[in-house]
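Read off the chains here:
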Amino acid sequence: MSNPTALVAGNWKMNGLTESLAELEALETLVKEGKSADCDVLICPPFTLIGAASVKADAVAIGAQDCHGAVSGAHTGDISAQMLKDAGATYVIVGHSERRADHFENSKIVKVKAEAALAVGLTAIVCVGETEAERDAGKAVSRVVGQVEASLPEGATSAKVVVAYEPVWAIGTGRTPTVQDVAEMHTAIREALIKRLGEDGKAVKILYGGSVKPSNATELMGAANVNGALVGGASLKASDFNGIIDAYRK
Ligand SMILES: O=C(CO)COP(=O)(O)O
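Residues numbered from 1 in each chain as written. Predicted model: local features only at pLDDT ≥ 70, side-chain atom pairs only at ≥ 80, totals over all residues. Heavy atoms only, no water.

## Thoughts on the site of the ligand
Stage number 1. Neighbouring residues of the ligand: 13 residues in total, closest Lys13, His96, Glu166, Gly172 and Ser211.
Stage number 2. Between an oxygen atom of the ligand and a side-chain N or O atom of His96, the distance comes to 2.8 Å.
Stage number 3. Coverage of the ligand by the protein chains reaches 94% of its 300 Å² of free accessible surface.
Stage number 4. Grouping the constituent residues of the shell around the ligand by class yields 4 nonpolar, 7 polar and 2 charged. (Near = heavy atom within 4 Å. Polar contact = N/O pair within 3.5 Å; in protein donor to acceptor, adjacent residues only side chain to side chain. Areas by Shrake-Rupley, 256 points an atom, 1.4 Å probe, with all protein chains shown as cover. Nonpolar A, V, L, I, M, F, W, Y, C, P; charged D, E, K, R; others polar.)

Printed below as a string of structure tokens:
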């Protein structure tokens, strides 16, 4: 089986007002009119911009950063997967470490959210990653593989699920694991996916996230079993994000 098509995804987190759509438009132009890249491109703006972003986007897919696990109901302030789809999203990130930490979301909750996404036809980007203490204790691989096993939705296939490995200590810090550490982790995740999904596990995209920048993208994207990036800070400016997409241009 050939390598999965790469995905370069931007997570705007809690950043972006209407004026930020100008960056999305600039990115659209760079992706459409620039040198073609051997990857899919995705931006996940905050909920408030999904509708407007999906009207503007064409070459760039639009996703969300979270969804509720239920279809509808008395969940004040929450957003269902179907609402995201209705607003024009085609992907949703679930289990980002900031949600696991700030909103006490464990892998059981993440799995339910991913299942809600799949039920309406959204692709779920399931995030996993160890803390610095877990890495220092030599538990990074077992922690992350455990998260993958517990967070993967029932019915997962390579077409419906993407896994994003984001070491918590590398997010927004400018620090990244070595290419060898990234390759070791992504290979362990790949093995867990094959164990769970059989041959189709080879086709699941595994993204790396955590301080990806234009200057380190080519090196990180070149590691074994890395099929793209999940980018925070450097996704806010079209020119920076385009510099990361460059890793997939010949
Ligand atoms: O959390 C991330 C993407 O989801 C990574 O954030 P940074 O790229 O800002 O480190």
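## Re the pattern of salt bridges
Stage number 1. Under the defined criterion, the tally for this structure stands at 16 salt bridges.
Stage number 2. Linking Glu25 and Lys56 is a salt bridge whose minimum nitrogen-to-oxygen distance equals 3.6 Å. Taken together, the residues Glu25 in helix α1 (residues 21–33) and Lys56 in helix α2 (residues 47–56) connect sequence positions 31 residues apart.
Stage number 3. Overall, Glu25 belongs to the partly exposed group, its relative accessible area being 38%.
Stage number 4. In this structure, Arg143 engages Glu134 in a salt bridge whose closest nitrogen and oxygen atoms are separated by 3.0 Å.
Stage number 5. One salt-bridge network, in which partners are shared between bridges, spans Asp66, Arg99, Glu105 and Lys113. (Salt bridge = Lys/Arg side-chain N within 4 Å of Asp/Glu carboxyl O. Helix = DSSP H or I, 4+ residues; strand = E, 2+ residues; numbered from the N terminus. Buried < 20%, exposed > 50% of the residue type's maximum accessible area, 1.4 Å probe, protein only.)

## Describing helix α9 (residues 214–221)
Stage number 1. Looking only at α9, the buried set comprises Asn216, Ala217, Leu220 and Met221. Buried residues of α9, seen end-on, are gathered within an arc of 125 degrees and therefore sit on one face of the element. More than 90 degrees from the buried face of α9, the exposed residues found are Ser215, Thr218 and Glu219.
Stage number 2. Packing partners of the buried residues in α9 comprise α8 (179–197), β7 (206–209), β8 (228–231) and α10 (238–245). (Arc of directions from axis to C-beta. Contact = heavy atoms within 4.5 Å.)

## Quick notes on the UniProt feature "active site" (unreviewed entry) in the protein chain
Stage number 1. UniProt records the feature "active site" (unreviewed entry) at His96 and Glu166, using the numbering of this structure. Of the residues just listed, which span 71 residues, no C-alpha pair is farther apart than 8.4 Å, and they cluster in one region.
Stage number 2. Note on placement: His96 falls in the loop between β4 (91–94) and α4 (97–102).
Stage number 3. Under the relative-accessibility criterion, His96 is labelled buried at 3%.
Stage number 4. Excluding residues that lie within four positions of it along the chain, His96 makes contacts with Asn11, Lys13, Cys127, Glu166 and Ile171.
Stage number 5. When you line up the elements, Glu166 lands in the loop between β6 (161–165) and α8.
Stage number 6. Contact partners of Glu166, with chain neighbours within four places excluded, come to His96, Cys127, Val128, Gly129, Ile171, Gly209, Gly210 and Leu230. (UniProt positions renumbered as here; feature names shortened; annotations may be inferred.)

## A word on unusual backbone geometry
Stage number 1. The phi torsion at Phe104 lies on the positive side, around 55 degrees, for a residue other than glycine.
Stage number 2. Checked against the element boundaries, Phe104 lands in the loop between α4 and α5 (107–119).
Stage number 3. A positive phi angle is found at Ser211, which is not glycine, with a value near 60 degrees.
Stage number 4. Position of Ser211 among the secondary structure elements: in the loop between β7 and α9.

## Here we look at the UniProt feature "binding site: substrate" (unreviewed entry) in the protein chain
Stage number 1. Mapped onto the present numbering, the UniProt feature "binding site: substrate" (unreviewed entry) falls at Asn11, Trp12, Lys13, Gly172, Ser211, Gly232 and Gly233. Spanning 223 residues, the named residues form one tight spatial group whose C-alpha atoms are at most 14.0 Å apart.
Stage number 2. The topology assignment puts Gly172 in the loop between β6 and α8.
Stage number 3. Taking relative accessible area as the criterion, Gly172 reaches 78% and is therefore assigned exposed.
Stage number 4. Along the polypeptide, Gly232 turns up in the loop between β8 and α10.
Stage number 5. Looking at Gly232, the relative accessible area reads 18%, which means it is buried.
Stage number 6. The residues contacting Gly232, other than those within four sequence positions of it, are Asn11 and Lys13.

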